Amino acid sequence: TEHSDVKLSVFSHISSFPAIVEPLMEMSQLVHELAPNSLILVDGAHTPGVLLDLDVPSYNVDFYLGNCHKWLYAPKGTAFL
C-alpha cells in the first residue's frame, strides 16, 4: 500500500538509550517503497565519533543532522546538516 500522504519520515540513527544502531539503509528503502513522496530526515546526534564508518550518502536520505560536541569534543553548537 502506498502512503502518499506521508510528507516527512524522521528516524534516529542511534538511540541515546539503549544505544541501538538503527538499520538506516533498510528503513530508507522501506520509506521509498511505501511513501515515495516522503522526505527522510535522520537525527544523528549520537553518531559522529561513535560510528567510524559514517557514510551519509549510502543511507539514501534527504537530510542528516548531527552535532559534534558530544563525541568529537567540538564547541557546543557545532553541528552539521
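Reference entry: report on the structure contained in this document. Everything numeric in this text was worked out from a predicted model, so none of it was measured.

### Some details on unusual backbone geometry
Turning to step 1, where the next piece is worked out: Positive phi values are uncommon outside glycine, yet Asn-60 reaches one of about 55°.
Turning to step 2, where the next piece is worked out: With respect to the helices, strands and loops of the structure, Asn-60 is situated in the loop between strand S2 (39-43) and strand S3 (63-67).

### A closer look at the pairing of strand S1 (residues 8-12)
Within a regular strand, side chains alternate between the sheet's two faces.
Turning to step 1, where the next piece is worked out: Burial along S1 is one-sided: Ser-9 and Phe-11 are buried, while Leu-8, Val-10 and Ser-12, pointing the other way, are not.
Turning to step 2, where the next piece is worked out: Relative to S2, S1 runs parallel, the two being bridged by five bridges. By the bridge assignment, Val-10 is partnered in S2 with Leu-41.
Turning to step 3, where the next piece is worked out: Crossover connection from S1 via helix H1 (residues 24-34) to parallel S2: handedness right-handed.

### Examining H1
Turning to step 1, where the next piece is worked out: Three or more residues of H1 are buried, namely Leu-24, Met-27, Ser-28 and Val-31. For H1, the angular spread of buried residues about the axis comes to 95°, placing them on one side. In H1, the exposed positions that point more than 90 degrees away from the buried face belong to Glu-26 and Glu-33.
Turning to step 2, where the next piece is worked out: For H1, the elements touching its buried residues are S1, S2 and S3.

Rules used throughout
Residues numbered from 1 in each chain as written. Predicted model: local features only at pLDDT ≥ 70, side-chain atom pairs only at ≥ 80, totals over all residues. Heavy atoms only, no water. Helix = DSSP H or I, 4+ residues; strand = E, 2+ residues; numbered from the N terminus. Buried < 20%, exposed > 50% of the residue type's maximum accessible area, 1.4 Å probe, protein only. Pairing = 2+ DSSP bridges. Right-handed = clockwise from strand over helix to strand, strands pointing away. Arc of directions from axis to C-beta. Contact = heavy atoms within 4.5 Å.

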